[in-house]
Amino acid sequence: MAMSKAMRVVVPPHPLIAHWLTVLRDRATPAPLLLTALEELGHWLCYEALRDWLPHRPASVETPLGTARGQVIDAGVPLMAIQVVQGGQELWNGARRVLPMSRLVHVMAGSAPAGEAGDPERQAWARMVAAQLPGRIDAREGVMLLLPVIGSGALAQALLQGLAERGCSGRRVRLLTAIACQPGLQALAELWPDLTIHTACIDPDCDEADRPLPGVGDLPQRLYGLPARSS
């Protein structure tokens, strides 16, 4: 799906992704199975995202019967995975089966304060989010950003701005999310046209609490029993 001239939003037509998304949406799904659903979505979305992104190089190996030409992952190119605590770590638990050699960064974010992007409180929150990123990112390093959902896009924007300040453009980022909503994607497309996003689905809108609609409800509350955000 093209949200702008360049930004790519990929919804893989994979039956396992559709299955685990449905499990995640169902209000009757218990917390242990929700964790499994997010892990499976992280695994399959990451698998799809790496098709044209993971660095590789040609190699020759000796089989028991002769020489065969093939390809291997180029371990000399660094990769970093950024997980958002409370949801993103479940996506990473699935993605790490595909990216076992990545260095891992944890980000504590919470909900973005209400208001416009230029409001002082919202700017302070964005700086707090970005400050948790590594101070230096290798010029060749690819970044896998794992967000449980994209509502307004405020959290994704804060992290992408922090990456940009460290010299990492959207071309070097793959953003994985279980569900994205249309307004959030549009906001990201205007600011980060060189970004590629992989998601299980696109919902038409989000509510005042930044939850996609129909979405999955309040994930921290469903997963960990934390107080639900009011809308």
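Keep in mind that what you see is a predicted model, and the values were worked out from it rather than measured.

Details of the overall build of the protein
Here is step 1 of the chain: Helix and strand counts for the protein stand at seven helices and 11 strands.
Here is step 2 of the chain: Along the longest, intermediate and shortest principal axes, the C-alpha atoms of the protein span 65 × 40 × 30 Å.
Here is step 3 of the chain: Burial statistics for the protein: of 231 residues in total, 48% are counted as buried.
Here is step 4 of the chain: Of the contacts formed within the protein by residues at least 6 apart in sequence, a portion of 66% connects residues at least 24 apart.
Here is step 5 of the chain: For the protein, the exposed surface amounts to about 11,400 Å²; the carbon and sulfur share of it is 56%.
Here is step 6 of the chain: Distance between charge centres in the protein, computed from 21 positive and 22 negative side chains, equals 6 Å.

A short note on the pattern of salt bridges
Side chains carrying opposite charge are able to pair once their charged atoms draw close together.
Here is step 1 of the chain: Enumeration over the complete set of coordinates arrives at eight salt bridges.
Here is step 2 of the chain: The residue Asp138 makes a salt bridge to Arg140 at a minimum N-O spacing of 3.7 Å.
Here is step 3 of the chain: The class of Asp138 is partly exposed, set by a relative accessible area of 23%.

A closer look at the pairing of strand β3 (residues 66-73)
Here is step 1 of the chain: Of all the eight residues making up β3, zero are buried; the element is thus mostly uncovered.
Here is step 2 of the chain: Examined bridge by bridge, strand β2 (residues 56-63) and β3 share eight bridges and lie antiparallel to one another. Residue pairing in the sheet places Arg57 in a bridge with Val72 of β3.
Here is step 3 of the chain: The antiparallel hairpin formed by β2 and β3 contains two residues in its connecting segment.

Some points on the state of the cysteines
Here is step 1 of the chain: Applying the stated rule across the entire model yields zero disulfides.
Here is step 2 of the chain: Not engaged in a disulfide, the cysteine Cys46 finds its nearest cysteine sulfur in Cys168; these two sulfurs lie 16 Å apart.

Observations concerning helix α6 (residues 182-191)
Here is step 1 of the chain: Every buried residue belonging to α6 is among Gly184, Leu185, Leu188 and Ala189, and all of these are buried. Buried residues of α6 fall within an arc of 135 degrees about the axis and therefore sit on the same side.
Here is step 2 of the chain: Taken together, the buried residues of α6 touch β1 (8-10), β6 (142-150), α5 (154-165), β7 (173-181), β8 (196-199) and β9 (202-203).

Some points on helix α3 (residues 88-95)
Here is step 1 of the chain: Where burial is concerned, most of α3 is hidden: seven out of the eight residues are buried.
Here is step 2 of the chain: For α3, the set of buried residues is Gly88, Gln89, Glu90, Leu91, Trp92, Gly94 and Ala95.
Here is step 3 of the chain: Tucked inside the fold, the buried residues of α3 contact α2 (31-49), β4 (79-84), β5 (103-107), β6, β7 and α7 (219-224).

Examining the nonpolar core
Here is step 1 of the chain: Counting residues in each nonpolar core, the largest one holds 33 residues, and the members touching the most others are Ile82, Leu147, Leu159 and Leu163.
Here is step 2 of the chain: Mapped by element, the contributors of at least two residues to this core are β4, β5, α4 (120-130), β6, α5, β7 and α6.
Here is step 3 of the chain: With seven residues, the single largest contributor to this core is α5.
Here is step 4 of the chain: With residues up to four places along the chain from it excluded, the contact list for Ile82 reads Val105, Val107, Leu133, Val143, Met144, Leu145, Leu146 and Leu163.
Here is step 5 of the chain: Grouped together as the second largest cluster of nonpolar side chains are 32 residues, Ala37, Leu38, Trp44 and Leu54 included.

Considerations on the packing of aromatic side chains
Aromatic ring pairs are defined here through the distance separating the ring centres and the angle between the ring planes.
Here is step 1 of the chain: Summed over all chains, the structure comprises one aromatic pair.
Here is step 2 of the chain: Note on Trp44 and Tyr47: the rings are 6.0 Å apart at their centroids and 75 degrees apart in plane angle, and the pair reads as edge-to-face. In this pair, Trp44 and Tyr47 are both assigned in helix α2, three residues apart and thus about one turn of the helix distant.

Considerations on the packing of α4 against α5
Here is step 1 of the chain: The N-to-C vectors of α4 and α5 enclose an angle of 60 degrees; their axes lie 8 Å apart at closest approach. The orientation of α4 with respect to α5, classified from their angle, is oblique. The crossing of α4 and α5 is right-handed. Here Arg122, Trp125, Ala126, Val129 and Ala130 of α4 lie close against α5, whose contacting residues are Ala154, Leu155, Ala158, Leu159 and Gly162.

Reading the values: the criteria
Residues numbered from 1 in each chain as written. Predicted model: local features only at pLDDT ≥ 70, side-chain atom pairs only at ≥ 80, totals over all residues. Heavy atoms only, no water. Helix = DSSP H or I, 4+ residues; strand = E, 2+ residues; numbered from the N terminus. Buried < 20%, exposed > 50% of the residue type's maximum accessible area, 1.4 Å probe, protein only. Contact = heavy atoms within 4.5 Å. Areas by Shrake-Rupley, 256 points an atom, 1.4 Å probe, with all protein chains shown as cover. Lys, Arg positive; Asp, Glu negative; His and termini not counted. Charge placed at Lys NZ, Arg CZ, Asp CG, Glu CD. Salt bridge = Lys/Arg side-chain N within 4 Å of Asp/Glu carboxyl O. Pairing = 2+ DSSP bridges. Disulfide = S-S within 2.5 Å. Arc of directions from axis to C-beta. Core = buried A, V, L, I, M, F, W, Y, C linked by side-chain atoms within 4.5 Å. Phe/Tyr/Trp six-rings, centres within 6.5 Å; stacked < 30°, edge-to-face > 60°. Axes fitted to C-alpha atoms, helices over the stretch in contact; angles between N-to-C directions. Parallel < 35°, antiparallel > 145°, perpendicular 65-115°, else oblique. Left-handed = near helix turned anticlockwise from the far one by under 90°.

In short, shape yes, function no, at least from these values alone.
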